[in-house]
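Overview (structure and organization)
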Amino acid sequence: MAAPRMFKLCLLGAPGSGKGTIASRIARDFKLKHLASGDLLRAQVLSKTELGNSANQFMQAGKLVPDELVVGLMLAELTKVRTTPWILDGFPRTREQAEVLHKEEKLDFVVSLEVPDDVIIDRIKGRWTHLPSGRIYHTEFKPPEVPGKDDITGDDLVQREDDKPESVRKRLEMYRAKTHPLKEFYDVLGILRVFHGTESNVIYPRVHNFLKDLIPAYGGPF
Ligand code: AP5
Ligand code: MG
C-alpha cells in the first residue's frame, strides 16, 4: 500500500520573525494548507463572534489569548483538513497548547525562526495588514501597488492595534517566557530545526532546501 501523502509542519518564531511571510511561501511551494492562529483569531474578531469578542481584549494588549479559546479554535480547524498536509503558524504558543496538540496530532517537523529583537522592532513599525485575508505589506520591503490598498481586493490596509511599539515589546517578552521553551519540547522529540537570520529572503531559501529534501519521505511533493 502506498504511504499516506500527509505532512504536518509547525513554524515557531517571535512576533515579527517572519512566520507569516515564510509560512505563506512554504504553503505555496509545497502545497500545504496554511493555518495561522493570529489570522484566524483576527477573522473571529472582525466577524464579532463570541470567541472573537473574548479574544480581542487580550490581542489588543499584546497578551496571549487563553489556551482553551485558542485550542478550541485550532483543533476545530484541523478537523476540517484531515487529509490535506498543513503548516501551523502561531500555534502552539504555550506548553499547554503543545501538549493538547500532541495528543491529537503528531507533528512531523517543527521549524524555528531566530531573528534578533532589534531587527523585529524595526520591521513591525512598517507593517500594514489586509485584515480579512491576513495579507501583509511593508512600507519599505514590500509596498502595496497603491499605497494603503490591498493588491488583490483594493480594500484599505490597516496597522494592527498590537503592532504599536509598547505592545510589540510585551509580545516579545511573552514569546521568551512562554513560547521559546517549546523548542526544548520538540527538540526532545527529535523534530526541531532552527534557522537563524535577519531577512526572510535569506532564511527562506535555506528552509526551502531543507524541506525539499525532507518532504519526499512523507509522500510529497503534494
Ligand atoms: P500572530 O498574528 O500570530 O502574531 P505574532 O506571532 O505576534 O507574529 P506576527 O504576525 O506579528 O509576525 P510574523 O512572525 O508572522 O512575521 P511577518 O511575516 O508578519 O498573533 C497575534 C496575537 O494573537 C497574539 O499576540 C495573541 O494575542 C494571539 N494569538 C495568536 N496565536 C495564539 C496562540 N497560539 N495562543 C494564544 N494567543 C494567540 O513579518 C514581520 C514583518 O516584517 C512584515 O511586515 C514583513 O513585511 C516585515 N519585514 C521587514 N523586513 C523584512 C525582511 N527583510 N524580510 C521579510 N519581511 C520583512
Ligand atoms: Mg503572523
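This text goes with the structure placed above it.
Residues numbered from 1 in each chain as written. Chains lettered and ligands numbered in written order. Predicted model: local features only at pLDDT ≥ 70, side-chain atom pairs only at ≥ 80, totals over all residues. Heavy atoms only, no water.

1. Describing the overall build of the chain
As a reminder, the rule being used: Starting at the N terminus, helices and strands are each numbered in turn, a helix being any DSSP run of H or I of at least four residues and a strand any DSSP run of E of at least two. Just to be clear, the radius of gyration here is over C-alpha atoms, and the globule rule we use is 2.2 Å times residues to the power 0.38. The buried label applies to any residue whose accessible area, calculated with a 1.4 Å probe on protein chains only, is under 20% of its type's maximum; exposed applies above 50%, and partly exposed to all values in between.
Looking only at helices and strands, one finds 9 helices and 7 strands in the chain. In terms of overall dimensions, the chain is globule-like: its C-alpha atoms have a radius of gyration of 17 Å, near the 17 Å expected for 222 residues. With the C-alpha coordinates aligned to their principal axes, the bounding extent of the chain is approximately 50 × 35 × 35 Å. Going through the 222 residues of the chain one by one, you find that 45% of them count as buried.

2. Topic: the nonpolar core
What tends to happen in soluble globular proteins is that the nonpolar side chains get buried as a cluster. In plain terms, the rule: Within this scheme, the nonpolar core is defined by two criteria: the residues are buried Ala, Val, Leu, Ile, Met, Phe, Trp, Tyr or Cys, and they are joined through side-chain atoms within 4.5 Å. When checking whether two residues touch, look at their non-hydrogen atoms; a contact exists if any pair is within 4.5 Å.
Ranked by internal contacts, the top residues of the largest apolar core, which has 56 residues, are L9, I26, L88, L107, Y186 and L211. Those residues in contact with L107, other than ones at most four positions away along the chain, are K8, L9, C10, W86, L88, L101, Y186 and I191.

3. Let's talk about the environment of L211
The residue L211 is located in helix α9 (residues 200–214) in this model. Overall, L211 belongs to the buried group, its relative accessible area being 0%. When the C-alpha atoms of L211 and F109 are compared, they prove to be 9.6 Å apart, with 102 residues separating the residues in sequence. Excluding residues that lie within four positions of it along the chain, L211 makes contacts with F7, L9, I26, F30 and P216.

4. Observations regarding the packing of helix α4 (residues 67–79) against helix α5 (residues 95–104)
This is how the line gets drawn: Every axis corresponds to a line fitted to the C-alpha atoms, with the helix fit spanning only the stretch in contact, and the corresponding angles, defined between N-to-C directions, vary from 0 to 180 degrees. Orientation categories follow fixed angle ranges, with anything under 35 degrees roughly parallel, anything over 145 roughly antiparallel, 65 to 115 roughly perpendicular, and all other angles oblique. Each crossing gets its hand from how the near helix is turned against the far one by less than a right angle, where anticlockwise is left-handed and clockwise is right-handed. Classes in brief: Ala, Val, Leu, Ile, Met, Phe, Trp, Tyr, Cys and Pro nonpolar; Asp, Glu, Lys and Arg charged; the others, Gly included, polar.
At a minimum axis separation of 10 Å, α4 and α5 run at an interaxial angle of 30 degrees. Relative to α5, the element α4 lies roughly parallel. Taken as a pair, α4 and α5 cross one another with a handedness that is right-handed. Where α4 abuts α5, its residues D67, V70, V71, L75 and L78 lie against E96, Q97, V100, L101 and E104. Among the residues forming the contact of α4 with α5, the class breakdown is 6 nonpolar, 1 polar and 3 charged.

5. A few points about the pairing of strand β5 (residues 127–130)
Threshold: Note on pairing: two strands pair once DSSP finds at least 2 bridges between them.
Bridge count for β5 against strand β6 (residues 135–138) is 4 bridges, and the pairing is antiparallel. For R127, the partnering residue across the bridge sits in β6 and is H138. Joining the antiparallel neighbours β5 and β6 is a turn of 4 residues, in which G134 adopts a positive phi near 85 degrees.

6. Some remarks on helix α6 (residues 117–124)
Counted only if it meets this: The directions considered for the arc are those from the helix axis to the C-beta atoms.
What α6 keeps buried is the set I120, R123 and I124. Along the axis of α6, the buried residues cluster in a sector spanning 90 degrees; they form a single face. Counted as exposed and oriented over 90 degrees from the buried face of α6: D118 and D122. In this structure, the buried residues of α6 make contact with β5, β6, α7 (165–179) and α9.

7. Some words on the site of ligand 1
Selection rule: What makes a residue near a molecule or strand is one non-hydrogen atom of that residue sitting within 4 Å of it. Nitrogen and oxygen atoms within 3.5 Å of one another constitute a polar contact, given that in protein one can donate a hydrogen and the other can accept it, and given that sequence-neighbouring residues count only through two side-chain atoms. For the area figures, the Shrake-Rupley method with a 1.4 Å probe applies, and any residue is considered shielded solely by the protein chains shown.
Not every one of the 32 residues close to ligand 1 is listed here, only the nearest: T21, K63, R93, R127 and R171. In this structure, an oxygen atom belonging to ligand 1 sits 2.8 Å away from a main-chain N or O atom of G20. R93 has a polar side-chain atom sitting 2.6 Å from an oxygen atom of ligand 1. Bound to the protein, ligand 1 loses 96% of the 1,000 Å² it would expose on its own. Elements that contribute at least two residues to the shell around ligand 1 include exactly α1 (19–30), α2 (37–46) and β6. Looking at the shell around ligand 1 residue by residue, the class counts come to 11 nonpolar, 11 polar and 10 charged.

Any link to function would need more than the numbers given here.
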